Amino acid sequence: MSNQFNVNVFDYRKKIIISVFVLTALIFLIQLFHIQLLDHSYKASASSNITRHITKYPARGLIYDRNQNLLVYNDPYYDLMVTPGQVANIDTLEFCELLGIDKETFIRRITSAREFAVHLPSVFEKQLSNEEYAVLKEVLYKYPGFFVQPRTLRRYSKPVAAHIFGYVAEVDSETVRLDPYYRPRDYIGISGLEKSYETVLRGSKGLRIITVDALGRDMGSFKDGRYDVAAKPGTDLYLSLDAELQEYGEKLMQNKRGSIVAIEPSTGEILALVTSPSYDPNLLVGRKRSQNFRSLQRDTLRPLFNRALMAHYPPGSVFKVISGLIGLHEGVVSTNSKYSCPGFYRAGGITVQCRYHPSPVDIYGTIKHSCNTASSIIFRSTIEKPGFSNIQESFNNWRSHVSSFGLGKRFNSDLPYELPGIIATSDYYDNIYGTRGWRALTILSLGIGQGEIGTTPIQLANVAASIANNGYYYTPHIVKAVGSIDNPIEKHSEKNYTSIDSTHFAVMKKAMIQVAEEGTARFSRIPDIQVAGKTGTVQNPHGENHSAYIAYGPADDPQIAVCVIIENAGYGSTWAAPTASLIIEKYLTGEVKRTWHENRILNANFLKPFPEED
Amino acid sequence: MKQQIFKDFKNIDKTIVLLYLILVVVGWLSIYAADYKEVHRGIFDISTNYGKQLIWIFAAFFIGFAMLLIDVKLLQAFAYQIFAISMLVLVAVLFFGTEINASKSWFTFGQFSIQPSEFTKFTAALAIAKYINSNKNRALSFKIRLMPLVFLFIPFALVMLQNDTGTAMVFGALFFMLYREGYISGVLLSFAAAAAFLFILTLLMNEFVIIGILALIAVITAIILRNNKKEVMAVVGLFVLLSVYVYSVDYTFENVLQPHQKNRIEVLVDPNVDPLGAGYNLNQSKIAIGSGGLWGKGFLAGTQTKFDFVPEQSTDFIFCTIGEEWGWAGSAALIIIFVVFLIRIILVAEKQRSAFSRIVGYSTACLLFFHFAVNIGMTIGLVPVIGIPLPFISYGGSSLLAFTIMIFTFLKLDMKKLEML
Ligand SMILES: [Zn+2]
């Protein structure tokens, strides 16, 4: 009885399930009947009408500087496309003459297009000039299968800031495979802001579907354009960069290797990011892009290398401001401390040379005269300060103070390809000397910014900004707003505090003002503007020393913080300091009155001692 | 021994084998057509999809044949262990797998990739079959009913973690099988269907309009039933329940779903919401199929499905190629073949004496059906764009191998139906 009942129930359920299957199939057949037979607009047979998909490429977003000067824009150009399956009965000879190619080239291109896709357009001739386009446009109807595809190319209103913008090129096949947005021959940002803001700048592609007859003639929009998609132009970027200052900086750096970085301390906005030698961004656009790129790559001056973010130098005497601040914070030096300097510092068999200057010096004199003796003693007392159980602990304490200025790590804001620089770790010394094998004297050179320490120009500019702000910095960044100048990005509006108590900065600021007024940088004074700075002469085992300088101004209301490094130029006071003073003068007053200084820097050439290798 | 195997082969269900072979051949031809370029590369060239698929097909035939030779009782005996191992593999994929199309669900070996989750549909079905078989003479307590759902939930959760929503949803197909076995009531299944219907309706219309309509229906029903207080209360209760449901669906859609999931549902309602993203696939797919007309453009003559008009044309959108090149006639033929195939498996399953064999058969049919319904439904705009393959037709080895193993395991069980109890 119960068995009989079960059989019926199961039979019923089986029928339900089969009915679901059949019902689904019926719904499918009806829907297919609808789209394949009733709705005639889809119907197209291979012999009569077919549709052609024309991609509509949006213009990339424009790039403006902080004063809304247009820096990067787009120029239209045209690609001649061919759909091999639609090429029929054309006068090949006439067509070749029109384009100025021979018949072999024609056949070769058609064959490779056919290999790619018979029913899809391929590029036949890239980037027609306006004249070529004008001629071709009139007669194109005679050549079924050929049509013209409008595209745009990047243009730059000033030949500056190439490394910041980066460049755009055709997407590689790997990216096409991984990201469904990209199709072969699309453009994509390869480096710089073009890369980091690719999704913002690129906009979104549009699509126009047209019906064409067997001769490839345009028969109008498919289904009245119901499936067409308008291209959305890219979003504009507003940079914090001051294009005029950038241009001026690049000019000052001509015939020099090195970098200038200028930051607005109150925001972290980068005002100028100069690397030299650089190149004209217009070189990496258009038909000659790969050729130019290769020759830039081969250039021994390495113009593609972005020194501002990637080159690391020992900071040299510039670092004494940090050594001094750490000493003040740790209480090993005060404004009452005095150090006598006989021209050298000797301890435990180690000698650090200084040079002649009035002695003894206090903390201000240490910075003003860039005294190696006093800086070494301050560093040594910091490391040997009682209260730490071993050297590792006290070194790590020192190191974390240094890192808090943004040294030894990437800012990871919107800057492409930054390098972190180097600050050696205690593990590093443990490995070399053994856990108990090193002490303060072993690493004494760190106190004067030499040895196992490497900093990038942007990091040093940020150190100047941190001091200007009495102990904090905003992450340096270059994009101010996206879409509209009234739409600032908030991402970098957080203060990063250094681990130095803010009360000590007044001392260091006073010392740095003395450097600029009466110390090592006194020759670079700007009339009516008080500046605070610190020079550095970076020992370079491979050649002439590097000239370095960090500064901010005006001293009482800092609006710009600068780092200048000029490779192989010698003393910081002779080259980097005057260059920085010109940048500050230009930015704060809008013009440079000290033309003697200006001409001296412009005419200086530090590339000469290094003849180009073959 | 040899004699015995030959005798067994005479008992194999020839209809299922024949339909299986037809589907595999149609599949390969479609992949060939979708990937076809005028420069012929030779059908064994493994740089092409059709070349690779040919190797997968031979592998599938080999494994299918092997399934006919092994002792199926072992599968039943070790069903739990097999299930456990397959779950470990799913966990391993999460850590060591390769990410393809945003789903971390693949193991890659040179040119070939394997998606372990495809096989877990089978291992889950085996475990449930064994479980139900061993409880066939007991009264179905709540605990016993719950166990199969646990077997489904584990792989579902792991596959969701791989970010492969499509494959995870497939496990739901086994609810049909559980319904057949009496583990899920028809009322519950109808409720689920009604919930799905209301879900779509909620996305189409303003939630307050729907709640208004529900209220109207509730009031009218309550007036009709006004003499029976209990029933009126039931109607009011149901109304409240449904209103909360409709509202929470709307809330979930707006606030919980990830943008790409939301997008896939929205384009179903209006393809122009995202015409270059999810809507693009759908539009292009419909254009391709629609251009096929009654008889199609002929083998290799399709223009829309070639190259990049229809994305993923040899995997998830393979049906476009069939629709374009073979027209309504060919599409209808394929759909009919599929449904006959499914019905045949159900009928053969019903003839089994062993619950284990029957459940394997039902599971196979239900899983195939789910893939069939979702995949074709997606290409013709009836179901959201969910990336699951059309069994035997779509390019890809994992799905082909997994379904082949299921079919041939079931064929073997059927051959041995007198021995299986
Ligand atoms: Zn000294």
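Fair warning: this is a prediction, and the values are worked out from it, not measured in the lab.

Tallying secondary structure elements over chain B gives 17 helices and three strands in all. Within chain B, buried positions represent 54% of all 421 residues. Entry remark: accessible area of chain B is about 18,300 Å², with carbon and sulfur atoms responsible for 70%.

Take the pattern of salt bridges next. The tally for this structure, following the rule as stated, stands at 26 salt bridges over all chains. Where Asp11(A) meets Lys14(A), a salt bridge forms, and the shortest distance between an N and an O atom there is 3.3 Å. Here Asp11(A) and its partner Lys14(A) are both found in helix 1 (residues 2-38), three residues apart, which amounts to about one turn of the helix. In this structure, Asp414(B) and Lys417(B) form a salt bridge, with 3.2 Å as the shortest nitrogen-oxygen distance. One network of salt bridges, in which partners are shared, links Arg60(A), Arg154(A), Glu194(A) and Glu198(A).

Looking now at the sheet that holds strand 20 (residues 532-538) of chain A. All names here are of chain A. Taking strand neighbours across the sheet as the criterion, the five strands line up as 12-11-22-21-20 in an open arrangement whose pairing is antiparallel. The strands lining the two open edges of the sheet, one partner per strand, are strand 12 (269-276) and strand 20. Neighbouring strand axes in the sheet, compared pairwise and without regard to direction, differ in orientation by 5° on average. The sheet contact formed by strand 11 (residues 258-264) and strand 22 (residues 560-566) spans six bridges and is antiparallel. Residue pairing across strands places Ile 263 opposite Ala 561, the latter belonging to strand 22. This element, helix 9 (residues 243-252), spans strand 11, strand 12 and strand 22 of the sheet and lies at about 25° to strand 12.

Residues and elements named next belong to chain A. Surrounding the zinc ion are the protein donor atoms Cys 341 (SG), Cys 354 (SG), His 357 (NE2) and Cys 371 (SG), at 2.0 to 2.3 Å. Considering all four donor atoms around the zinc ion, the spread of angles at the metal, 103 to 118°, places the coordination shape in the tetrahedral class. Read from N- to C-terminus, the donor residues coordinating the zinc ion fall into the pattern C-x12-C-x2-H-x13-C. Highlighted residues: Cys 341 in the loop between helix 12 (320-330) and strand 13 (344-347) and Cys 354 in the loop between strand 14 (350-353) and helix 13 (363-368), separated in sequence by 13 residues. Cys 354 matches Cys 341 in its accessibility class, with the two residues each being buried.

Our focus in this paragraph is the nonpolar core. Residues Val321(A), Ile322(A), Trp398(A), Tyr549(A), Ile560(A) and Val562(A) are the most contacted members of the largest nonpolar core, which totals 134 residues. Each of two domains, domain 1 (54-239) and domain 2 (243-279 + 308-603) of chain A, supplies a minimum of three residues to this core. With 113 residues, the next largest nonpolar core counts Phe151(B), Leu152(B), Cys320(B) and Ile380(B) among its residues.

For the coordinates displayed, the defined rule picks out 42 aromatic pairs over all chains. With 6.4 Å between their ring centres and 10° between their planes, Tyr429(A) and Tyr433(A) make a pair best called stacked. Note that Tyr429(A) and Tyr433(A) are positioned in helix 16 (residues 426-433) at a spacing of four residues, about one turn of the helix. Relative accessible area serves as the criterion here: at 36%, Tyr433(A) is assigned to the partly exposed category. With centroids separated by 5.2 Å and ring planes inclined at 85°, the aromatic side chains of Tyr20(B) and Phe408(B) adopt a geometry described as edge-to-face. Taken together, the residues Tyr20(B) in helix 2 (residues 14-35) and Phe408(B) in helix 17 (residues 397-415) connect sequence positions 388 residues apart. Note on accessibility: Tyr20(B) and Phe408(B) belong to one class, buried. Here a set of aromatic residues connected by ring pairs shows up, and it is made of Phe319(A), Phe379(A), Phe395(A), Trp398(A), Tyr428(A), Tyr429(A), Tyr433(A) and Trp438(A). Above the ring of Tyr181(A), the side-chain terminus of Arg202(A) is found at 3.8 Å from the ring centroid. A cation over an aromatic ring shows up here: Lys130(B) above the ring of Tyr80(B), its NZ or CZ 4.9 Å from the ring centre.

What follows is about the layout of surface pockets. Residue and element names in this part refer to chain A. In this model, the second largest pocket occupies a volume close to 740 Å³. Of all the elements in the fold, those that place two or more residues in the lining of the second largest pocket are strand 14, strand 20, helix 19 (572-589) and helix 20 (595-603). In terms of residue count, helix 19 provides more of the lining of the second largest pocket than any other element does, four residues in total. Of the residues that constitute the lining of the second largest pocket, the class distribution is seven nonpolar, 21 polar and seven charged.

Residue and element names in this part refer to chain A. Turning to its location among the elements, Gly 343 is positioned in the loop between helix 12 and strand 13. Residue Gly 343 is classed as buried on the basis of its relative accessible area, which comes to 16%. Residues Gly 343 and Ser 359, spaced 16 residues apart in sequence, show a C-alpha to C-alpha distance of 9.1 Å. In this structure Gly 343 touches Gln 353, Cys 354 and Arg 355, once residues within four positions along its chain are discounted.

Residue and element names in this part refer to chain A. Topologically, Lys 368 is positioned in helix 13. You can call Lys 368 buried: its relative accessible area is 16%. A distance of 3.1 Å separates a polar atom in the side chain of Lys 368 from a polar atom in the side chain of Glu 518. Not counting residues within four places of it along the chain, the set of residues in contact with Lys 368 comprises Gln 514, Val 515, Glu 518, Gly 519 and Thr 520.

Turning next to empty space enclosed by the protein. All names here are of chain A. If you walk through the whole model with that rule in mind, you get three cavities of 30 Å³ or more. Computed from the structure, the largest cavity encloses a volume of approximately 70 Å³. For the largest cavity, the lining is made up of 14 residues, of which Ala 516, Ser 524, Arg 525, Val 531 and Tyr 549 are closest to its centre. Of all the elements in the fold, those that place two or more residues in the lining of the largest cavity are helix 18 (505-517), strand 21 (546-553) and helix 19.

Thresholds, definitions, all that
- Residues numbered from 1 in each chain as written.
- Chains lettered and ligands numbered in written order.
- Predicted model: local features only at pLDDT ≥ 70, side-chain atom pairs only at ≥ 80, totals over all residues.
- Heavy atoms only, no water.
- Helix = DSSP H or I, 4+ residues; strand = E, 2+ residues; numbered from the N terminus.
- Buried < 20%, exposed > 50% of the residue type's maximum accessible area, 1.4 Å probe, protein only.
- Areas by Shrake-Rupley, 256 points an atom, 1.4 Å probe, with all protein chains shown as cover.
- Salt bridge = Lys/Arg side-chain N within 4 Å of Asp/Glu carboxyl O.
- Pairing = 2+ DSSP bridges.
- Axes fitted to C-alpha atoms, helices over the stretch in contact; angles between N-to-C directions.
- Contact = heavy atoms within 4.5 Å.
- Donors = N, O, S within 2.8 Å, 3.2 Å for Na, K, Ca; no water.
- Tetrahedral: all angles 85-135°; square planar, octahedral: opposite > 155°, others 65-115°.
- Core = buried A, V, L, I, M, F, W, Y, C linked by side-chain atoms within 4.5 Å.
- Domains from an automatic or database assignment.
- Phe/Tyr/Trp six-rings, centres within 6.5 Å; stacked < 30°, edge-to-face > 60°.
- Lys NZ or Arg CZ within 6 Å of the ring centre and 35° of its normal.
- 1 Å grid on protein atoms, 1.4 Å probe; cavity = no way out; pocket = protein on both sides within 12 Å on 5 of 7 lines; lining within 4 Å.
- Points joined across faces, edges and corners; volume = space filled by probe spheres on them.
- Nonpolar A, V, L, I, M, F, W, Y, C, P; charged D, E, K, R; others polar.
- Polar contact = N/O pair within 3.5 Å; in protein donor to acceptor, adjacent residues only side chain to side chain.

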